[in-house]
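What the coordinates show
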There are 2 protein chains.
Amino acid sequence: MADVCNRSNRFLRALRRQPVDATPVWIMRQAGRYLPEYRATRERAGSFLALAQTPELACEVTLQPVERFELDAAILFSDILTVPDAMGLGLHFVEGEGPKFRRPIRSAADVTKLGVPDPESSLRYVMDAVRLIRHELRGRVPLIGFAGSPWTLACYMIEGEGSRDFARVKAFALNEPAAMHKLLDTNARAVAAYLAAQAAAGAQALMVFDSWGGMLAPAMFEEFSARYLARIAASLREDMHARDVPLIVFSKGANASLETLADTGCEALGVDWTITLDTARRRVGDRVTLQGNLDPATLLASPKVIRREVQRVLDDFGPHPGHVFNLGHGITPDVDPEHVAVLVDAVHGV
Amino acid sequence: MADVCNRSNRFLRALRRQPVDATPVWIMRQAGRYLPEYRATRERAGSFLALAQTPELACEVTLQPVERFELDAAILFSDILTVPDAMGLGLHFVEGEGPKFRRPIRSAADVTKLGVPDPESSLRYVMDAVRLIRHELRGRVPLIGFAGSPWTLACYMIEGEGSRDFARVKAFALNEPAAMHKLLDTNARAVAAYLAAQAAAGAQALMVFDSWGGMLAPAMFEEFSARYLARIAASLREDMHARDVPLIVFSKGANASLETLADTGCEALGVDWTITLDTARRRVGDRVTLQGNLDPATLLASPKVIRREVQRVLDDFGPHPGHVFNLGHGITPDVDPEHVAVLVDAVHGV
């Protein structure tokens, strides 16, 4: 019976490029504001951070989309900036403005003060959430753990908040490459330890979000982002808990560097919607699974259009093993949940 | 003496892939807030729109960077949204928020009310600026005229302002394709007439900014953006004034569709910094000139780093004809003008 494929394992099988009974699907930010039940729990929590830092509430919202839709994976409800917060930078959220750090990195001297947090102490709330979610899922679908990439963390750590062009962090990288590499090395060690701890706590797949890698020219991307993604992959391969846990890397917008990303040692690549999956697959071959890549805006169109566009993505990938369906970016708050049901059914062919 | 190459013609020669004495360079948004003399004129004008709509002031700021630096082209100081403004949508600027329209397009019925503006009446202030600038340049460097692309205009016309994800305009395109094509057809005819009139008024090169084409998946890009860029190119080829005026197309972020863009009939392609020029050139061959592609953030680095990164872009393109050096996006207000001088000298090899 080892080859039975169903909702409990088709996601992990697709990550390993094994045959599946239907293309697995999950949705970035699937536990989010488009769901009324999420908004209710978020209201009860009082703030986004309280929601993310209370294991029972994080567990509750993680399970909501999996209970409502026939999704093939759950993803830990958390934030990509937990690691620099645990380093002492003081993460907080300003309503309508996104995440900010109270003590951003502004100099090479600031970098030397940073240490690698112990996941089971300062990030214990995340590990508790992983253990609880894994227990509550009761094997229905696998659980994905995640972290921000070293470069993307550095973007927020140096800018102190989001940015349109990330000019400050780029100037830091160009003018103080040694300090930047020290920061990225610290981040890579911290992220690797954090992901390994999530695997030990029960995460069955791991994902690294390199949200701002695509802002870099290819040579800088290779030097300041991809190199550290490869270090994380190598480090996880040597960890007793993470060794067999598939790693997904998503560098949004870094489509010029897909080959480089496929060589980092990850099992799967997230792909945004600005490139077709058949082009992506032609470039990276079958050495990695591809995850993506419907434009999130498609969910604002009619069910008929959603079904057509889902089919276009499935056709783009073609009849090969190794496709996990997803959006090319997170789902937006204005989406009608009924449209998500249409998408999931269309992917599964029902 | 027809083959003498100097500052007055090396830009136009490079656009035609003829040999040049040095790689020509200009900078997107070169007449902008990073220049103290620009800020002084802008202050006198009272508002951005007053500056853009007063030919004498538009001329003044257009010439400022050409007088300060050894740039090889001037570009008309104007805005990409002049055409929908002339259609009656009511362009205005809210400080710190960018452009907005008072009467955005919200339905198929709104689309049918739009006409093609006569450039010499409702856009007369632009034509007067072109004539004046051309006169004041006295042949020192060529003048580039420009317009927004049909798709990018539609983005602002339907959203009513800028957007992070342009979900409203994408949903309109997906749900009401006939109305969207009618809008894009009107925009394409209006832009072609506008560019032809700029050529008649003295513009020596023309550029179409498809600032938001890169937000589209490749199939949608082809259907809703590239097709209308090709129509503009075809229309200009049949115009007695524009026929011999080189056309540059810049679809920021649409790097998956470079081949499609090279087939629109333009003479040159703008390229952003997320792909190397040697990759771009390998894909489009020598049928178009490439314009780009230094990351604008590089100008925040030290002169030494600027020189190294300029050389990297020059080396990426290699020793072929058909390169116009530029940034991969507009220069930002925080750049030290001295750094622009460093860049220009580095490109020219002095």
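The following refers to the structure shown. Each chain carries its own residue numbering, running from 1 in the written order of its sequence. Here the convention is simple: chains get letters from A, ligands get numbers from 1, in the order in which they are written. The predicted origin of the model limits local features to residues at a pLDDT of at least 70 and limits the giving and counting of side-chain atom pairs to 80 or more, whereas totals for whole chains, interfaces and linings rest on all residues. For the side-chain quantities, the full set of heavy atoms in the structure was used; hydrogens and water were omitted.

Helix numbering and strand numbering both begin at the N terminus, where a helix is a DSSP run of H or I of at least 4 residues and a strand a DSSP run of E of at least 2. When you go through chain A residue by residue, the secondary structure sums to 15 helices and nine strands. Since a compact globule built from 350 residues should have a radius of gyration of about 20 Å, the 19 Å found for chain A is in line with a globular shape. With the principal axes as the frame, chain A shows a C-alpha extent of 55 × 45 × 40 Å. Computed with a 1.4 Å probe, the accessible areas rest on the Shrake-Rupley method; for each residue, only the protein chains presented here act as cover. Taken as a whole, chain A presents about 13,100 Å² of accessible surface, with 49% of it coming from carbon and sulfur. In this tally Asp and Glu are treated as negative and Lys and Arg as positive; neither His nor the chain ends contributes. Here the site of a charge means NZ on Lys, CZ on Arg, CG on Asp, or CD on Glu. Averaged over its 39 positive side-chain charges, chain A has a centre that lies 1 Å from the centre of its 43 negative ones. Here the radius of gyration uses the C-alpha set of atoms, whereas the globule reference equals 2.2 Å times the residue count to the power 0.38.

When chain B is fitted onto chain A, the two copies agree to an RMSD of 0.0 Å after a turn of 180° and an axial shift of 0.0 Å. Taken together, the rotation angle and the small translation identify this as a two-fold axis. The copies were overlaid with a least-squares fit restricted to C-alpha atoms from residues scoring a pLDDT of at least 70 in each copy.

Attention now moves to the side chain of Ser251 of chain A. All names here are of chain A. Note on placement: Ser251 falls in the loop between β6 (247-250) and α12 (258-262). Exposure classes here rest on a 1.4 Å probe applied to the protein chains alone. A residue is buried below 20% of its type maximum, exposed above 50%, and partly exposed in between. Residue classification places Ser251 among the buried positions, given a relative accessible area of 4%. Think of a polar contact as two N or O atoms within 3.5 Å of one another; within protein, one of them needs to be a possible hydrogen donor and the other a possible acceptor, and neighboring residues in sequence only count if both atoms come from side chains. A polar contact of 2.6 Å, which involves the side chain of Ser251, links it to the side chain of Asp210. Two residues qualify as a contact provided that any one of their heavy atoms is within 4.5 Å of a heavy atom in the partner residue. With sequence-adjacent residues up to four places away left out, Ser251 is seen in contact with Asp210, Phe221, Leu229 and Leu261.

Turning our eyes to something else, we now look at the interface of chain B and chain A. Facing 28 residues of chain B, the contacting portion of chain A comprises 28 residues. For any pair of parts, buried area is found by adding up, for both, the accessible area (1.4 Å probe) each one loses once the two are put together. Both faces combined, the contact of chain B with chain A buries some 2,100 Å², and carbon together with sulfur accounts for 61% of it. Contact with chain A buries area across many residues of chain B, yet Leu174, Trp273 and Thr274 of chain B alone supply 23% of it, more than any other trio. We count a salt bridge whenever a side-chain nitrogen from Lys or Arg sits within 4 Å of a carboxyl oxygen from Asp or Glu. The residue Asp295 of chain A makes a salt bridge to Lys170 of chain B at a minimum N-O spacing of 2.8 Å. Summed over the shared surface of chain B and chain A, the number is six residue pairs in polar contact (both at pLDDT 80 or more). Listed by contribution, the elements that provide at least two residues to the side of chain B that touches chain A are α9 (167-175), α11 (218-237) and α14 (303-317) of chain B. Among the elements that take part in the side of chain B that touches chain A, α9 of chain B stands out by supplying five residues, more than any other. Following the grouping adopted for this structure description, the nonpolar residues are Ala, Val, Leu, Ile, Met, Phe, Trp, Tyr, Cys and Pro, the charged ones are Asp, Glu, Lys and Arg, and the polar ones are all others, Gly among them. Looking at the side of chain B that touches chain A residue by residue, the class counts come to 15 nonpolar, seven polar and six charged.

Turning next to the pairing of strand β5 (residues 205-209) of chain A. Residue and element names in this part refer to chain A. Most of β5 sits inside the fold, with five of its five residues counted as buried. The alternating pattern of β5 places Ala205, Met207 and Phe209 and Leu206 and Val208 on opposite faces, both of which are buried. By the bridge criterion, five bridges tie strand β4 (residues 143-148) to β5 in an arrangement that is parallel. The partner of Phe146 across the bridge, within β5, is Met207. As paired elements, β5 and β6 share four bridges and run parallel to each other. The partner of Met207 across the bridge, within β6, is Ile248. For crossovers, right-handed means that the path from the first strand over the helix to the second runs clockwise, given strands pointing away from the viewer. For the segment spanning β5, helix α11 (residues 218-237) and β6, crossover handedness is right-handed. Any two strands between which DSSP finds at least two bridges are classified as paired.

Given two aromatic rings, their pairing is described by the distance between the two centres and the angle made by the two planes. Residues and elements named next belong to chain A. Aromatic rings from Phe, Tyr and Trp, taking only the six-membered ring of Trp, are treated as a pair when their centres fall within 6.5 Å; an angle between ring planes under 30 degrees marks them as stacked, one over 60 as edge-to-face, and anything in between as tilted. Throughout the structure, instances matching the rule amount to 14 aromatic pairs over all chains. A centroid spacing of 6.4 Å and a plane angle of 40° characterise the contact between Trp151 and Phe224, whose relative ring orientation is tilted. Within this pair, whereas Trp151 is found in helix α8 (residues 150-159), its partner Phe224 is found in helix α11, the two being separated by 73 residues in sequence. For Trp151, a relative accessible area of 1% gives the class buried. Members of the aromatic cluster, joined through ring pairs, are Tyr38, Phe48, Phe77 and Phe93. Charges are assigned to positions over rings by a cutoff of 6 Å between ring centre and Lys NZ or Arg CZ, combined with an angular limit of 35 degrees from the ring normal. Residue placement shows Arg281 over the ring face of Phe317; its charged tip is 5.6 Å from the ring centre.

Here we take up the sheet that holds strand β5 (residues 205-209) of chain B. Residue and element names in this part refer to chain B. A sheet is described by the order of its strands in space; here seven strands give the open sequence β1-β4-β5-β6-β7-β8-β9, paired in parallel fashion. Each of the sheet's edge strands pairs with one partner strand only, and the pair in question is β1 (74-75) and β9 (323-327). Here β1 runs beside strand β4 (residues 143-148); their pairing, made up of two bridges, is parallel. Bridge assignment links Ala74 to a residue of β4, and that residue is Leu143. Of the strands in this sheet, β4 and β5 are in contact with helix α10 (residues 177-201), which crosses β4 at around 165°. Interaxial angle, 0 to 180 degrees, is taken between N-to-C directions of lines fitted to C-alpha atoms, where a helix line uses only the stretch in contact.

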